[in-house]
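# Topology and contacts: notes
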Amino acid sequence: MTSIDPPVIQRCIAGDKAAFREIVIAYQRLLFGVAFKMLCDEDEAKDILQESFIHIWQHLEDYDQQRNFGSWVYGITVHLCLDRLRQKDRWGEMPEDEELLAQFADDPEPDRQLENSELAGVIRGLVSRLSDQQRIAFTLVHLENLTVAEASTVSGIPADKLKSNLYVARQNIRKQLIQSGYE
Amino acid sequence: MNNQIDNIFDRLQKQQPELHDPELFADSIIAALPDRPQKSIVHPASRRKGVILILHTFSSVAAVLLLVLFLWQSYDGITFHETEVSPDYSSQLAKYQPQFDLSKDPAQQIAQYQERKQEQISQRNQMRSILSLNKTTH
């Protein structure tokens, strides 16, 4: 993860907003990525991103400098996403999600970067039937490429529980994809 | 096995959502930041004074408590003394009980005895009322 110099953090603690802008520039893509994949919605991801940076700004004194700063800010965003997921009723699968997933699977250009709306639809198509915990495990490990230990640290979910949720999530998604004709 | 599905997973890992115009977004975040709360700084000297004040208050309260305890114990001692005196007082009264003289008129002796008895009872009552009065004044 991106690192930030301790003097920059000290300047932020002293109230220097220009120094904090360096932090925002350094981490906004990373945090937007995880928020987007967890919430499958660009506007909500931006909203969480703003909340995350305000939280970081207000709690910089609580940051333990022995820890990796990137892990700390990443963890804050993951927790805010978890809160947002709990507030939401149920993840509704959009009618076009299945079609977007089919287009993605059969894309003749496999390395093509999807538009945000397409990516949101594909992820939603995969995870909309999962529980919140399974969804978190799948997003952090499969989409964000974290190890189980890293995912456990940033989400606060015990590693064993996360591993079992990941297993069930994978099984559910495979079952769903097989039913849709994928092998 | 499940090659197509694994392929979907692998390709999804490489997908990153695009944050359009990050500079503008960073500016909007900075503009939304509240001012940092100013923490009140406690001077070490005033902290020491505070500790001394707490200790002083604590010792004063402890002294008052000890005094109250002592007074309460003393009051309890007086009541204890009073219960010790009462039986002794009764035995003293019993010592002066007159004996019946068979050579004298029994009716007269009984009347005299009853008279003395009444007198003793009234004295005892008087004494008791004095004692109880003392107790309440303590």
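Refer to the structure presented above.
What this report covers is the structure whose coordinates are included nearby. (Residues numbered from 1 in each chain as written. Chains lettered and ligands numbered in written order. Predicted model: local features only at pLDDT ≥ 70, side-chain atom pairs only at ≥ 80, totals over all residues. Heavy atoms only, no water.)

## Quick word on the overall build of chain A
What chain A contains, in helices and strands, is nine helices and zero strands. When the elements of chain A are put in sequence order from the N terminus, they spell out α-α-α-α-α-α-α-α-α. Burial status across chain A gives 50% buried among its 183 residues. With an accessible surface of roughly 8600 Å², chain A has 47% of that area assigned to carbon and sulfur atoms. (Helix = DSSP H or I, 4+ residues; strand = E, 2+ residues; numbered from the N terminus. Buried < 20%, exposed > 50% of the residue type's maximum accessible area, 1.4 Å probe, protein only. Areas by Shrake-Rupley, 256 points an atom, 1.4 Å probe, with all protein chains shown as cover.)

## Description of the side chain of glutamine 15 of chain B
As for its position among the elements, glutamine 15 of chain B is in the loop between helix H1 (3-13) and helix H2 (22-32). Under the relative-accessibility criterion, glutamine 15 of chain B is labelled buried at 2%. Ignoring sequence-local partners within four residues, the contact set of glutamine 15 of chain B consists of Lys37, Phe104, Arg112, Gln113, Leu114 and Leu119 of chain A. (Contact = heavy atoms within 4.5 Å.)

## With respect to helix H8 (residues 148-155) of chain A
Restricting attention to buried positions, one finds in H8 of chain A the residues Ala151, Ser152, Val154 and Ser155 of chain A. Backbone geometry just after H8 of chain A places glycine 156 of chain A at a positive phi near 80 degrees.

## As for the interface of chain B and chain A
Listed per partner, the contact involves 31 residues of chain B and 52 residues of chain A. On the chain B side of the interface with chain A, the three residues burying the most area are Arg11, Gln15 and Arg36 of chain B, jointly 20% of the side's total. On the surface where chain B and chain A come into contact, there are five salt bridges. Our count for the contact surface shared by chain B and chain A stands at 15 residue pairs in polar contact (both at pLDDT 80 or more). For the side of chain B that touches chain A, the residue count by class is 14 nonpolar, eight polar and nine charged. (Buried area = accessible area lost by both parts, 1.4 Å probe. Salt bridge = Lys/Arg side-chain N within 4 Å of Asp/Glu carboxyl O. Polar contact = N/O pair within 3.5 Å; in protein donor to acceptor, adjacent residues only side chain to side chain. Nonpolar A, V, L, I, M, F, W, Y, C, P; charged D, E, K, R; others polar.)

## Things to note about a nonpolar patch on the surface
Residues Leu66, Leu69 and Trp72 of chain B make up a contiguous nonpolar surface patch of about 360 Å² in total accessible area. Mapped onto the elements of the fold, tryptophan 72 of chain B is located in helix H3 (residues 44-95). (Patch = residues over 30% accessible without salt bridge, like charges linked within 9 Å, V, L, I, M, F, W, Y side chains within 5 Å.)

## Observations regarding the nonpolar core
Residues and elements named next belong to chain A. Within the largest apolar cluster, 73 residues are counted, with the highest numbers of intra-cluster contacts made by Phe20, Phe53, Ile56 and Phe69. For this core, the element with the most residues is helix H2 (residues 17-39), which contributes twelve residues. If we skip the residues at most four places from it in the chain, phenylalanine 69 touches Ile4, Ile9, Ile23, Tyr27, Ile56, Leu60 and Tyr63. (Core = buried A, V, L, I, M, F, W, Y, C linked by side-chain atoms within 4.5 Å.)

## Points about the packing of aromatic side chains
For any pair of aromatic rings, the description rests on two quantities: the centre-to-centre distance and the angle between the ring planes. All names here are of chain A. Here the structure, examined in full by the defined rule, presents eight aromatic pairs over all chains. Taken together, a centroid distance of 6.2 Å and an interplanar angle of 85 degrees make the contact between phenylalanine 20 and phenylalanine 53 edge-to-face. Linking phenylalanine 20 in helix H2 with phenylalanine 53 in helix H3 (residues 42-58), this pair joins segments that are 33 residues apart in sequence. Comparing phenylalanine 20 with phenylalanine 53, the two get one shared label, buried. Ring centres of phenylalanine 69 and tryptophan 72 lie 5.8 Å apart, and the angle between their planes is 45 degrees; on these two criteria the pair is classed as tilted. One end of the pair is phenylalanine 69 and the other is tryptophan 72, both in helix H4 (residues 69-87) and three residues apart, which spans about a single turn. By the burial criterion, phenylalanine 69 is buried, and tryptophan 72 matches it. Taken together through their ring pairs, the aromatic side chains of Tyr27, Tyr63, Phe69 and Trp72 make up a single cluster. (Phe/Tyr/Trp six-rings, centres within 6.5 Å; stacked < 30°, edge-to-face > 60°.)

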